[in-house]
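Residue-level listing of the chains:
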Amino acid sequence: MNILIVGVGGQGTLLTSKVLGKYAELAGFDCKLSEVHGMAQRGGSVVTHVRFGKKVYSPIIWEGGADIILAFEKLEAFRYQNYLKESGVMVINDMEIYPMPVIIGAAVYPDTIKDSLSGKVKTAFINAAEIAIKAGNIKALNIVMVGALTKMLGFDFDKMSQAVTESVPPKFLDVNQKALLDGYNSIG
Amino acid sequence: MKKLLLTNQAIAQGAYESGVRVVSSYPGTPSTEITEAVAKYNEVYAEWAPNEKVALEVGIGASIAGARAMVCMKHVGLNVAADPLFTIAYSGVNGGLVIVVADDPGMHSSQNEQDSRFYARSAHIPMVEPADSQEAKDYVGFALDFSEKYDTPVILRTTTRIAHSQSFVEIGERQEYPLRPYVKDVSKYTMMPSSAKGRHIVVEARENKIKEVAETLEINKVIYKDKKLGVICAGAIYQYVEEALPHASIYKLGMVYPLPIQSLKRFASEVDECIVIEELEPFIENQLKANGVNVKGKDIFSLQGEITVATIREKMCGEKAVKGVDAPVRPPIMCAGCPHRGVFYILNKLRCVVNADIGCYTLGAQAPLSSVDTVICMGASVGMAHGFRKANKDAKNVAVIGDSTFIHSGITGLINAVYNKSAMTLIILDNSTTGMTGHQEHPGTGKTLQGDITSKLDLYQICKACGVEKIDVVDPYDLVNVERLVKENMARQEVCVIIAKRECELLKKGAKPYCKVEDCKNCGLCLRIGCPAIAKTDKGVKIDKSLCVGVDCGLCIKVCPFNSIKDAREDN
Ligand SMILES: Cc1ncc(C[n+]2csc(CCOP(=O)(O)OP(=O)(O)O)c2C)c(N)n1
């Protein structure tokens, strides 16, 4: 299973990969995760690779190799689409964060992302921020995304729920469990 | 017990289990987390040094005193530490000494993509390279045993993809290694010509011995599959090859210097075609060719950037990698509320030539601030600004450096400028942290690696002691005074220092105020500060209150000529 998580530095994608790593551990899989720290975290485009299965060699997913792209931002989903397998799926947080070239007018934020991606692969656009706020905290956005992914890929919900329990601080547990469930249910 | 660990954490765990007593490092992506993780073990003394040279010297001191020691840095850090490196190779060790160096092919967070393996060769120091977290942990122990057995420091090399990936690691117990007795030995530890001549002979003999040992080392592995194609590789590339060429026979090197030449020669002769796949320089390839082994390598793979599973499949199987789409780039940016922004806004406005340095403030090079002219290496801003002025006394240039970088290697440049009667201005951006690498303490923060209170280096007094007479401390958000001081100093015929002091915005906790926009004329002036919280719309700018830090910064309020941006708290 190859999961590519993409987003904007500072969006909390690292917790998502932590939960997925825990899930792999609970499910008894071999697992590798890869993330880039440093410069990219300053609002740049960030990618995290999560791979699990019987035996995993490369910690990095290659172009055309991802089963799913979990995108925290629309433009990032668009940017990394070439990493998706032909049969792959995308879960996309329906949110726009303008990069600096767009802010200063040197580039235009593409307005056809939704149609262009939906025309090619199976996509699910969710409003993760809204779901997270309803669950009790906007910061649980990343766990909403995990919930949606759990449904999309048919993962074991109870195991994922346990992975969340083992990955978040106890005082945020209730919010995050609710976020997981609501994210799960957001996928029709 | 097995645990999913970042390779950098696994290296820390390896040091802990192998009885390391002293760790000294300077932060640098992708090596920083090793030392942060080591700091959590009570049995290990660990510290941030002001730079890599000092860190290595601390490690050498600890080793000669009889302790097992580890020193960690990024690839360019080894340039800074190169002076002690070349001579500790002569002295050898007492307690085991491992030097961890993290290369960055693809330059995710670096100013060059130099290949550290050449340091191993030119300093005659063995180098190992793990391919996952478990190996990283094991190789630390291997390196320390090897170091003691052959009386040599050992370098452990990682690359970004290994350093920053996680895989399962078997967690073990710590084994204590009692301090080895220190015995005075001038011929070994006092490197002056009379003794170093003798040691040079030892270095050569040792290297010959290790070359022999390398031929049968367990960490060099041959995996025979189909013999049509054989691949020689190490580190991350090994993992990619297993994935991309599942049928190829593989020679996986655990020790990348010195190479087991005879054994590699045998492998090459047993397969129809033999290829070396390595990132960056043809380090392995050229040594094999020099020894008459018929291999291919850089005629197929690039000298630049990273190799991936897809590039291997493309080059070896003719499978074209799926091309990316055109999308607006998203470069890293200075955070909303970053104190560096005010200074760069003024430098851009004054059209100064800016000799900048390495840190978050290098982002001042990005549009729309676009105010950085030169960046070379840590500390270079000061020397370069002085050189610029000596070459052209009318140059309108200033040096800009961060606090951690100033302490790392800017102080000697400042001494030089004063000593040689320069007329340059240095701006120290003092945000009380090492921001770029993720907020490490340094001598100027008054806290140790573990967060304990310690003596705090006073930058003002340091500059004064260097002989600078005109030193001003200013709030970088105070645009009027920043502008006044820069103009004033540039006209003076002496070395001037401006300390622009304000804590990194990311270190602040608690609720933040924010700014709001009313009656925007859409003139676009506020967009020139390059704040990610401000975005242009047809109806005027809007401010993202989740990013904005409000009047604390207030740069947009200051640059708006129509008073359209206000402190949102005024509502209350
Ligand atoms: C020789 C060397 N060591 C380490 C690094 C990694 N590095 C880049 S910038 C930096 C320090 C940045 O801190 P500071 O100067 O305080 O600026 P800030 O990022 O806080 O603005 C470090 C450690 C490097 N580039 N070169």
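Structure first, text after, so check above.
Since we're looking at a predicted model, the values are computed, not measured.

### Some points on the interface of chain A and chain B
- Facing the 45 residues of chain A at the interface are 51 residues of chain B.
- Buried area between chain A and chain B, both sides added, is near 4,100 Å², and the carbon and sulfur share of it is 65%.
- Taken together, chain A and chain B are joined by three salt bridges.
- One salt bridge connects Glu243(B) with Arg51(A), and the closest N-O pair in it is separated by 2.9 Å.
- For the interface between chain A and chain B, the tally reads ten residue pairs in polar contact (both at pLDDT 80 or more).

### Let's talk about the sheet that holds strand 3 (residues 45-53) of chain A
- One open sheet holds the eight strands; their spatial order is 6(A)-5(A)-4(A)-1(A)-3(A)-2(A)-8(B)-1(B), and the pairing between them is mixed. Bordering the open sheet on either side are strand 6 (122-126) of chain A together with strand 1 (2-6) of chain B, each of which pairs with just one other strand. Adjacent strand axes in the sheet meet at a mean angle of 20° when their direction is disregarded.
- Sheet contacts for helix 7 (residues 133-150) of chain B: strand 1 and strand 8 (165-170) of chain B; angle to strand 8 of chain B, the most-contacted strand, approximately 60°.

### Examining the sheet that holds strand 12 (residues 255-257) of chain B
All names here are of chain B.
- Spatially, 3-2-4-5-7-6-12 is the arrangement adopted by the seven strands of the open sheet, whose pairing is mixed. What marks the edges here is a single partner per strand, and that holds for strand 3 (45-48) and strand 12.
- As paired elements, strand 2 (residues 22-25) and strand 3 share four bridges and run parallel to each other. Bridge pairing in strand 3 links serine 24 to glutamate 47.
- Taken strand by strand, helix 3 (residues 52-64) contacts strand 2, strand 3, strand 4 (69-74) and strand 5 (97-103), and its axis lies near 165° from that of strand 4.

### Remarks on the packing of aromatic side chains
- Going through the model one piece at a time under the given rule, you end up with 17 aromatic pairs over all chains.
- Between Phe52(A) and Phe155(A), the aromatic rings sit 5.9 Å apart at their centres with planes inclined by 50°, giving tilted as the arrangement. Of this pair, Phe52(A) sits in strand 3 while Phe155(A) sits in the loop between helix 6 (141-152) and helix 7 (157-167), placing them 103 residues apart in sequence.
- Among the residues examined, Phe52(A) registers a relative accessible area of 4% and is labelled buried.
- One aromatic cluster is present, formed by Tyr23(A), Phe29(A), Phe52(A) and Phe155(A) through successive ring pairs.
- For Arg68(B), the ring lying beneath its charged end belongs to Tyr177(B), and the centroid distance is 3.7 Å.
- The ring of Tyr238(B) carries Lys252(B) above its face, with NZ or CZ at 5.5 Å from the centroid.

### A short note on the pattern of salt bridges
- Scanning the model with the defined rule gives 47 salt bridges over all chains in all.
- Notably, a salt bridge pairs Lys74(A) with Glu96(A), separated by 3.1 Å at the nearest N-O pair. You can see Lys74(A) sitting in helix 2 (residues 74-79) and its partner Glu96(A) sitting in the loop between strand 5 (84-93) and helix 3 (100-103), a full 22 residues away along the chain.
- By sharing partners, the salt bridges in this structure join Asp103(B), Asp115(B), Arg117(B), Glu129(B), Arg157(B) and Glu278(B) into a single network.

So, how was this worked out
Per chain, residue numbering runs from 1 following the sequence as it is written. A letter from A marks each chain and a number from 1 marks each ligand, given out in the order of writing. In keeping with the predicted nature of the model, local features appear solely for residues at pLDDT of at least 70, side-chain atom pairs appear and are counted solely at 80 or more, and the whole-chain, interface and lining totals rest on all residues. Only hydrogens and water are set aside; all other atoms, that is, all heavy atoms of the structure, feed into the side-chain values. Any pair of residues with heavy atoms lying within 4.5 Å of one another is described as a contacting pair. The term buried area means the drop in 1.4 Å probe accessible area that two parts suffer when joined, counted for both and summed. Each salt bridge in this description consists of a side-chain nitrogen of Lys or Arg and a carboxyl oxygen of Asp or Glu lying within 4 Å of one another. Here a polar contact is recorded for every N or O atom pair within 3.5 Å, except that within protein the pair must consist of a potential hydrogen donor and a potential acceptor, and residues adjacent in sequence are included only if both atoms are side-chain atoms. The pairing criterion is simple: DSSP has to find at least two bridges between the two strands. Numbering of helices and strands runs from the N terminus, with a helix taken as a DSSP run of H or I at least four residues long and a strand as a DSSP run of E at least two residues long. For helices, the fitted axis covers only the stretch in contact; all axes are lines through C-alpha atoms, and the angles between them, taken along N-to-C directions, range from 0 to 180 degrees. We call Phe, Tyr and Trp rings a pair once their centres come within 6.5 Å, taking the six-membered ring for Trp, and we label the pair stacked below 30 degrees between planes, edge-to-face above 60, and tilted otherwise. Three exposure classes are used, based on accessible area relative to the maximum for each residue type with a 1.4 Å probe and protein chains only: buried under 20%, partly exposed in between, and exposed over 50%. Only when the NZ atom of a Lys or the CZ atom of an Arg is both within 6 Å of the ring centre and within 35 degrees of the ring normal do we say a charge sits over the ring.

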